Amino acid sequence: MNTVVNSKHADFMRLALKEAEKAFQEGEIPVGAIIVHNNKIIAKGHNLVERLKDPTAHAEMITITAAASYLSSKWLEDCTLYVTLEPCPMCAGAIVMARIPILVFGTFDRKAGACGTLYNITSDGQLNHSVHVLSGVLDSECEFILKEFFRTKRTT
């Protein structure tokens, strides 16, 4: 796992943050994601767990499904996934199963992070695919929106 911030990654993470802002406005935990293929955004999404009453409707899952549909492929081999929060075990497994080669995430998830914090599913050599992970891209901004969401939940 590497912490790298270059302008391309920061620009794409800002777009994922726009998705997280949509989730915030909808009362969802503010996590946003985009998938880039050949420097083009082919899918974007945010958490829809509350609206859909579906515990699997995480931003990553929504976005992976949209990208697979766009490419008409179950494998997203030439794609990069940008997500504002470190993926959980379910999403990390989906990233591996989709054969996404690069994952860029914003802030660490100390309660459920499965890409280096609690688990390291994306780099587990026992699986048939491993993912290059770049972490901490726009960490402060990604963490802020989550803290603000939960602060507002506690005061209402």
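The structure we're discussing is the one just above.
Because the structure is a prediction, the values reported are computed rather than measured. (Residues numbered from 1 in each chain as written. Predicted model: local features only at pLDDT ≥ 70, side-chain atom pairs only at ≥ 80, totals over all residues. Heavy atoms only, no water.)

Draft legend 1. Seen up close, the packing of helix α1 (residues 7-25) against helix α5 (residues 139-155). It is at 10 Å that the axes of α1 and α5 come closest, and there the two elements cross at 5°. Between α1 and α5, the angle is such that the two are roughly parallel. Here Met13, Leu17, Ala20, Glu21 and Phe24 of α1 lie close against α5, whose contacting residues are Glu141, Cys142, Ile145, Glu148, Phe149 and Thr152. Among the residues making up the contact of α1 with α5, the classes are represented as seven nonpolar, one polar and three charged. (Axes fitted to C-alpha atoms, helices over the stretch in contact; angles between N-to-C directions. Helix = DSSP H or I, 4+ residues; strand = E, 2+ residues; numbered from the N terminus. Parallel < 35°, antiparallel > 145°, perpendicular 65-115°, else oblique. Contact = heavy atoms within 4.5 Å. Nonpolar A, V, L, I, M, F, W, Y, C, P; charged D, E, K, R; others polar.)

Draft legend 2. How the structure looks around unusual backbone geometry. At asparagine 38, a residue that is not glycine, the phi angle is positive and equals roughly 50°. When you line up the elements, asparagine 38 lands in the loop between β2 (32-37) and β3 (40-46). Given the relative accessible area of 63%, asparagine 38 is considered exposed. Positioned with a positive phi, arginine 99 is a non-glycine residue whose angle comes to about 60°. By the secondary structure assignment, arginine 99 is in the loop between α4 (89-97) and β5 (102-107). The class of arginine 99 is partly exposed, set by a relative accessible area of 24%. (Buried < 20%, exposed > 50% of the residue type's maximum accessible area, 1.4 Å probe, protein only.)

Draft legend 3. Spatial organisation of the side chain of threonine 122. Structurally, the position occupied by threonine 122 is in the loop between β5 and β6 (132-135). Judged by its relative accessible area of 0%, threonine 122 falls in the buried class. With near-sequence residues (within four places) excluded, threonine 122 lies in contact with Ala92, Ile95, Val96, Leu103, Ala114, Cys115, His129, Ser130, Val131 and Val133.

Draft legend 4. How the structure looks around the environment of leucine 85. Mapped onto the secondary structure, leucine 85 falls in strand β4 (residues 79-85). A relative accessible area of 14% means that leucine 85 is categorised as buried. With 48 residues separating them in the primary sequence, leucine 85 and valine 133 have C-alpha atoms 13 Å apart. Those residues within four positions of leucine 85 in sequence are excluded, and the remaining contacts are Val31, Glu60, Phe105, Gly106, Thr107, Phe108, Asp109 and Leu146.

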